[in-house]
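Read off the chains here:
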Amino acid sequence: MPTSPAQDRPVRAHLTTPDGRRLSWLDFGPDNGRPLLALHGHLGEGAEFAGLSGALRADGWRVVAPDQRGHGDSDRAERYDRDGYLDDLRHLLAHLGLDHRPLPVLGHSLGAVNAYHLAADRPGAVSALINVDGPAYLPVVDPVPLSFLLDLPYTAPTREELLAACGPLAPLVRNGLRPYHDGWRLGCHPADTVDSDTRLLGDHWHRWLASDCPALLLHGTASAVLPTAQAHEMASRRPGTTLVTLDSDHWVHLRRPAESAAAIRRFLGTGTAADILEPSDRRP
């Protein structure tokens, strides 16, 4: 996964869910800022929004970025379906006292799907959606796209041994490695990630179209996850949605951080995506 440059050190916090798991998140502050919930994708974690939070802080935004279940510092879970992910978000928002007023929700990939499902299920809780390359439809295939992760070990005695065991996939997992008991572990368990990926496949169009808050769809033209034709269809079929495309792969916000942050700041600043980019910066 690409890296994001660190800004001011965020606050790391945890809560215990009703089923006894630790749910961890980063609060990039400031405490009096306007809250924005940011959700990472598979193989990611809340720390990847450090760069974006620095850009949004200038406009008074407080980015709250959880490590979603089974990722980062959050415990593994038995369920990786939409209900499980959304339950965690409800617990987090209630814990932070953010469940009584609408707030913008940003998500990348898996996080984007979870974000628009949250908006569909709780329309009064989400004031705006920022979808970073999250599809409304993912083909059901066997094996699932992330099945290659099953070849990776979850733990190793040292960080160096774990990276070596990951071989050519080491750059993909390097930033998520963590100390674990007397060794090191990946940022997410391969079996959990494949389970989550399996449950993400399929048709989510009804949930994408079920909310009516303003939305920004930020799409990478070289994405292997969201085809450009589908991105245009998502924007055209959902009222109040504007598509901004950038020359990038699936990790748009990390590959093109300045352009992504500029589009997001303008969207949040205007409440509409109509003038996010100058016409000369738009792509068909």
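Note that the structure is a prediction, hence the values are computed from the model and not measured.

Draft legend 1. Spatial organisation of the overall build of the protein. If you tally the helices and strands in the protein, you get 10 helices and 13 strands. Relative to a compact globule of 284 residues, whose C-alpha radius of gyration would be 19 Å, the protein shows 18 Å and is just as compact. Taking the principal axes of its C-alpha atoms as reference, the protein extends roughly 50 × 40 × 30 Å. Taken across its 284 residues, the protein has 55% of its residues classed as buried. Contacts in the protein between residues far apart in sequence, at least 24 positions, make up 73% of those at least 6 positions apart. Approximately 12,000 Å² of the protein is accessible, and the part contributed by carbon and sulfur atoms is 52%. Put simply, the protein has 28 plus and 35 minus side-chain charges, and the middle of one group is 4 Å from the middle of the other.

Draft legend 2. Local environment of the sheet that holds strand 3 (residues 34-39). Read from one edge of the open sheet, eight strands run 1-2-4-3-5-6-12-13, paired in mixed fashion. Two strands in the sheet have a free side with no partner beyond their single neighbour: strand 1 (11-16) and strand 13 (241-246). Across the sheet, the mean angle from the axis of one strand to that of its neighbour is 20°, orientation sign disregarded. In this structure, strand 2 (residues 22-27) lies alongside strand 4 (residues 61-67), joined through four bridges in antiparallel fashion. Within the sheet, the bridge partner assigned to aspartate 27 lies in strand 4 and is valine 64. Along the sheet face, helix 1 (residues 50-57) touches strand 3, strand 4 and strand 5 (103-108) and points at about 160° away from the line of strand 4.

Draft legend 3. Just the packing of aromatic side chains, in detail. A full pass over the atoms with the stated rule returns three aromatic pairs. Seen in terms of ring centroids, tyrosine 116 and tryptophan 208 are 5.3 Å apart; in terms of plane orientation they differ by 70°. Their pairing is edge-to-face. With a gap of 92 residues between them, tyrosine 116 in helix 3 (residues 110-121) and tryptophan 208 in helix 7 (residues 205-208) connect regions that are remote in the sequence. Of the two residues examined, tyrosine 116 and tryptophan 208, each falls in the buried class. One cation-aromatic arrangement involves arginine 237 over tryptophan 205; the distance from NZ or CZ to the ring centre is 4.2 Å.

Draft legend 4. Expanded view of the sheet that holds strand 10 (residues 183-185). Overall, antiparallel pairing links the three strands, which are arranged 8-10-9 in an open sheet. Of all the strands in the sheet, just strand 8 (155-156) and strand 9 (178-180) have a single pairing partner and so form its edges. Across two bridges, the pairing between strand 8 and strand 10 is antiparallel. Within the sheet, the bridge partner assigned to alanine 156 lies in strand 10 and is tryptophan 184.

Draft legend 5. Representation of empty space enclosed by the protein within the structure. Counted by the stated rule, this structure contains two cavities of 30 Å³ or more. Lining the largest cavity we find 13 residues, and of these Leu43, Val173, Gly176, Gly187 and Cys188 sit closest to its centre. Of the residues that constitute the lining of the largest cavity, the class distribution is six nonpolar, five polar and two charged. Its volume calculated, the second largest cavity comes out at about 30 Å³. Leu23, Pro66, Asp67, Gln68, Arg69, Tyr85, Asp88 and Leu89 together form the lining of the second largest cavity. At the level of elements, strand 4 and helix 2 (82-95) are the ones that each hand at least two residues to the lining of the second largest cavity. It is helix 2 that provides the largest number of residues to the lining of the second largest cavity, a total of three residues. When its residues are assigned to classes, the lining of the second largest cavity shows four nonpolar, one polar and three charged.

Draft legend 6. Structural detail: the state of the cysteines. Under the criterion given, the structure shown has zero disulfides. For cysteine 166, which is in no disulfide, the shortest distance to another cysteine sulfur is to cysteine 188 and amounts to 11 Å.

Draft legend 7. Main features of the nonpolar core. In terms of nonpolar packing, the biggest core is built from 40 residues, with Leu37, Leu129 and Trp208 touching the most fellow members. Looking at this core, the element that brings in the most residues is helix 3, giving six residues. Counting 25 residues, the second largest nonpolar core, distinct from the first, contains Leu36, Phe49, Val244 and Leu268.

Draft legend 8. Spotlight on helix 6 (residues 190-200). If you check which residues of helix 6 are buried, you get Pro190, Asp192, Thr193, Val194, Ser196, Asp197 and Leu200. Contacts made by the buried residues of helix 6 are with helix 2, helix 3, strand 7 (137-138) and strand 11 (202-203). Trailing helix 6 by a residue or two, glycine 202 shows a phi angle of about 120°, which is positive.

So, how was this worked out
Residues numbered from 1 in each chain as written. Predicted model: local features only at pLDDT ≥ 70, side-chain atom pairs only at ≥ 80, totals over all residues. Heavy atoms only, no water. Helix = DSSP H or I, 4+ residues; strand = E, 2+ residues; numbered from the N terminus. Rg over C-alpha atoms; globule rule 2.2 N^0.38 Å. Buried < 20%, exposed > 50% of the residue type's maximum accessible area, 1.4 Å probe, protein only. Contact = heavy atoms within 4.5 Å. Areas by Shrake-Rupley, 256 points an atom, 1.4 Å probe, with all protein chains shown as cover. Lys, Arg positive; Asp, Glu negative; His and termini not counted. Charge placed at Lys NZ, Arg CZ, Asp CG, Glu CD. Pairing = 2+ DSSP bridges. Axes fitted to C-alpha atoms, helices over the stretch in contact; angles between N-to-C directions. Phe/Tyr/Trp six-rings, centres within 6.5 Å; stacked < 30°, edge-to-face > 60°. Lys NZ or Arg CZ within 6 Å of the ring centre and 35° of its normal. 1 Å grid on protein atoms, 1.4 Å probe; cavity = no way out; pocket = protein on both sides within 12 Å on 5 of 7 lines; lining within 4 Å. Points joined across faces, edges and corners; volume = space filled by probe spheres on them. Nonpolar A, V, L, I, M, F, W, Y, C, P; charged D, E, K, R; others polar. Disulfide = S-S within 2.5 Å. Core = buried A, V, L, I, M, F, W, Y, C linked by side-chain atoms within 4.5 Å.

Such coordinate-based values are descriptive only and should not be taken to indicate function.
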